[in-house]
Amino acid sequence: MNNLRNVIGAKDFKRRVKAKLKQTNNDVKEEDLYFSQTATGYYMQYKPNYPETSNGDFIVSQDLNGSISIYGNDNALIPTVKHYENIEDFEKNL
């Protein structure tokens, strides 16, 4: 149960993920980021050619335990998946 302390709310997730993505890549624009929430967590999708798909599309998600995952290269034979313990790990190591 101690993992629950790593879970952040939707507002914090959106703010912190946007800030880190913009800091990491100057090409990431806020209007290309789409947020969604489901019963299993939060999602921030980057789609620069929305509604079309592109090789630049990726998703950052937070599960119910607070861990962060990035899914990208969906069209590749082996998609890219990166995992982080929590939001602080994501911010520090992206």
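One structure accompanies this document, and this report is about it. (Residues numbered from 1 in each chain as written. Predicted model: local features only at pLDDT ≥ 70, side-chain atom pairs only at ≥ 80, totals over all residues. Heavy atoms only, no water.)

As a further point, take the sheet that holds strand β4 (residues 68-72). The 5 strands lie next to each other as β1-β2-β3-β4-β5, forming an open sheet whose pairing is antiparallel. Looking at strand neighbours, the two that pair on one side only are β1 (33-38) and β5 (80-84), the edges of this open sheet. Pairwise comparison of adjacent strand axes, ignoring direction, gives a mean angle of 15° for this sheet. Pairing between strand β2 (residues 41-46) and strand β3 (residues 58-63): 6 bridges, direction antiparallel. Bridge pairing links Q45 to I59 in β3. Contacts from helix α1 (residues 10-24) reach β1, β2, β3 and β4, with the element oriented near 30° to β2. (Pairing = 2+ DSSP bridges. Helix = DSSP H or I, 4+ residues; strand = E, 2+ residues; numbered from the N terminus. Axes fitted to C-alpha atoms, helices over the stretch in contact; angles between N-to-C directions. Contact = heavy atoms within 4.5 Å.)

So, about α1. Side chains three or four residues apart in an α-helix point the same way, a direct result of the helix having 3.6 residues per turn. The end-to-end C-alpha distance of α1 is 21 Å, a good match for the 21 Å that 15 residues give at a rise of 1.5 Å each. Within α1, the full set of buried residues consists of A10, F13, R16, V17, K20 and L21. For α1, the buried positions fall inside an angular range of 140° around the axis, keeping them on one side. Residues K11, R15 and Q23 are exposed on α1 and point more than 90 degrees away from its buried face. Turning to α1, the residues buried within the fold contact β1, β2, β3, β4 and α2 (87-93). (Expected span 1.5 Å × (residues − 1). Buried < 20%, exposed > 50% of the residue type's maximum accessible area, 1.4 Å probe, protein only. Arc of directions from axis to C-beta.)

Further remarks concern the pattern of salt bridges. Across all of its chains, the model carries 7 salt bridges by this definition. The shortest N-O distance in the salt bridge between D12 and R16 comes to 3.9 Å. Highlighted residues: D12 and R16, both in helix α1, separated by 4 residues, approximately one helical turn. The class of R16 is buried, set by a relative accessible area of 15%. Notably, a salt bridge pairs K22 with E30, separated by 3.1 Å at the nearest N-O pair. Residue class for K22 comes out partly exposed when judged on its relative accessible area of 33%. (Salt bridge = Lys/Arg side-chain N within 4 Å of Asp/Glu carboxyl O.)

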